[in-house]
Amino acid sequence: MEGMARVFLILGSIFAFLSVALGAFGAHGLRDRLSPSSLAIYQTGVQYQALHALALLICGALWYVRPELTKLKPAGILFTAGIFIFSGSLYGLSISGIRWLGAITPIGGVCFLAGWVVVTIAAVSLPANPRPS
């Protein structure tokens, strides 16, 4: 179990790093190349990637210290899929202008929503009183 927690920590760190790099690239490298609406689409991808990179880090850290929280595995998988599908499609749409990419963006959004539902289920399954240290 700790192996997958480690994977979530690594992925979360990589996705967080990339969200900063992609955000800076958008603000400085794409500002004069994209229309304001395309740049806004791009920045939405960056924001959701950053938020869900943090969610992956939280899932990984919680699962590492509480290995019985196996329900966090599907949450981490869903957050990862959401980053690729939601943010990836927005990056592609904003840069290429290929409109059909916008049609798959909601699939990534559903992955994010489902991930949060799974985190909620994992939280509800915790005992009311935490175990003593």
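Sequence order as written defines residue numbering, which begins from 1 separately in each chain. For a predicted model such as this one, the threshold for reporting local features is a pLDDT of at least 70, and the threshold for listing and counting side-chain atom pairs is 80 or more; totals across whole chains, interfaces and linings nevertheless cover every residue. Values shown for side chains rest on all heavy atoms present in the structure; no hydrogens or waters enter the calculation.

## Some points on the overall build of the protein
Part 1: The way it works is that DSSP assigns letters per residue, a run of H or I at least four long becomes a helix, a run of E at least two long becomes a strand, and they are numbered from the N terminus. Along its length, the protein carries 4 helices and 0 strands.
Part 2: Listing each helix as α and each strand as β along the protein from the N terminus yields α-α-α-α.
Part 3: Expressed as a percentage of the 133 residues in the protein, the buried residues total 36%.
Part 4: Note on definitions: a residue-residue contact is assigned when non-hydrogen atoms from the two residues lie within 4.5 Å. Of all intrachain contacts in the protein linking residues separated by at least 6 positions in sequence, the fraction that spans at least 24 positions is 74%.
Part 5: Only the protein chains shown count as covering a residue, and every accessible area follows the Shrake-Rupley method with a 1.4 Å probe. Looking at the protein as shown, the accessible area adds up to about 7,500 Å², and 73% of this sits on carbon and sulfur atoms. Only protein chains enter the accessibility calculation, which uses a 1.4 Å probe. A residue is then buried if its area is under 20% of the maximum for its type, exposed if over 50%, and partly exposed in between.

## Let's talk about a nonpolar patch on the surface
Part 1: A cluster of nonpolar side chains, contributed by Ile-10, Ile-14, Phe-17 and Leu-18, occupies part of the molecular surface with about 370 Å² of accessible area.
Part 2: On the basis of relative accessibility, which here comes to 44%, the residue Ile-14 falls in the partly exposed class. The patch calculation keeps residues exceeding 30% relative accessible area without a salt bridge and links them within 9 Å when they carry like charges or within 5 Å when they are nonpolar (Val, Leu, Ile, Met, Phe, Trp, Tyr). Salt bridge, as applied in this entry: a Lys or Arg side-chain nitrogen positioned within 4 Å of an Asp or Glu carboxyl oxygen.

## Focus: the packing of aromatic side chains
Part 1: Two aromatic rings from Phe, Tyr or Trp, using only the six-membered ring of Trp, form a pair when their centres are within 6.5 Å; if the ring planes differ by under 30 degrees the pair is stacked, by over 60 it is edge-to-face, and anything between is tilted. Overall, the coordinates contain 7 aromatic pairs when judged by the stated rule.
Part 2: Taking the centre distance of 5.5 Å and the plane angle of 80° together, the rings of Phe-15 and Phe-84 count as edge-to-face. Taken as a pair, Phe-15 in helix H1 (residues 2-29) and Phe-84 in helix H3 (residues 72-96) lie far apart in primary sequence, 69 residues in all.
Part 3: The class for Phe-15 is buried, based on a relative accessible area of 7%.
Part 4: Between Tyr-42 and Tyr-91 the ring centres are 5.2 Å apart and the planes differ by 50°, which places this aromatic pair in the tilted class. With a gap of 49 residues between them, Tyr-42 in helix H2 (residues 36-65) and Tyr-91 in helix H3 connect regions that are remote in the sequence.
Part 5: Under the relative-accessibility criterion, Tyr-91 is labelled buried at 13%.
Part 6: An aromatic cluster is present here, built from Tyr-48, Phe-86 and Phe-112 joined pairwise through their rings.

## What to know about the nonpolar core
Part 1: Ranked by internal contacts, the top residues of the largest apolar core, which has 20 residues, are Leu-56, Cys-59, Leu-72 and Phe-79.
Part 2: When residues of this core are traced back to their parent elements, those giving at least two are H1, H2, H3 and helix H4 (101-124).
Part 3: With 7 residues, H3 is the single largest residue contributor to this core.
Part 4: Setting aside anything within four residues of it in sequence, one finds Phe-79 in contact with His-52, Ala-55, Leu-56, Cys-59, Phe-112, Gly-115, Trp-116 and Val-119.
Part 5: As used in this record, nonpolar core signifies buried Ala, Val, Leu, Ile, Met, Phe, Trp, Tyr and Cys residues forming a set joined through side-chain atoms within 4.5 Å. Membership of the second largest hydrophobic core comes to 6 residues, among which are Leu-34, Leu-39, Tyr-42 and Tyr-91.

## Quick word on the environment of Ala-40
Part 1: Within the fold, Ala-40 resides in helix H2.
Part 2: On the basis of relative accessible area, Ala-40 is assigned to the partly exposed category, the value being 43%.
Part 3: Ala-40 sits 54 residues away from Ser-94 along the chain, and the two C-alpha atoms are 8.4 Å apart.

## Considerations on the packing of H3 against H4
Part 1: Between H3 and H4, the least distance of the axes is 7 Å, while the angle of their chain directions is 155°. As the angle between them shows, H3 and H4 are arranged roughly antiparallel. For the pair H3 and H4, the sense of crossing is left-handed.
Part 2: Amino acid classes used here: Ala, Val, Leu, Ile, Met, Phe, Trp, Tyr, Cys and Pro are nonpolar; Asp, Glu, Lys and Arg are charged; the rest, including Gly, are polar. Considering only residue class, the contact of H3 with H4 consists of 21 nonpolar, 9 polar and no charged. Throughout, an axis means a line fitted to C-alpha atoms (over the contacting stretch in the case of helices), and angles, computed between N-to-C directions, take values from 0 to 180 degrees. An angle below 35 degrees is read as roughly parallel, one above 145 as roughly antiparallel, one from 65 to 115 as roughly perpendicular, and any other as oblique. The sense of a crossing depends on the near helix, which, turned anticlockwise from the far helix by less than a right angle, makes the crossing left-handed and, turned clockwise, makes it right-handed.

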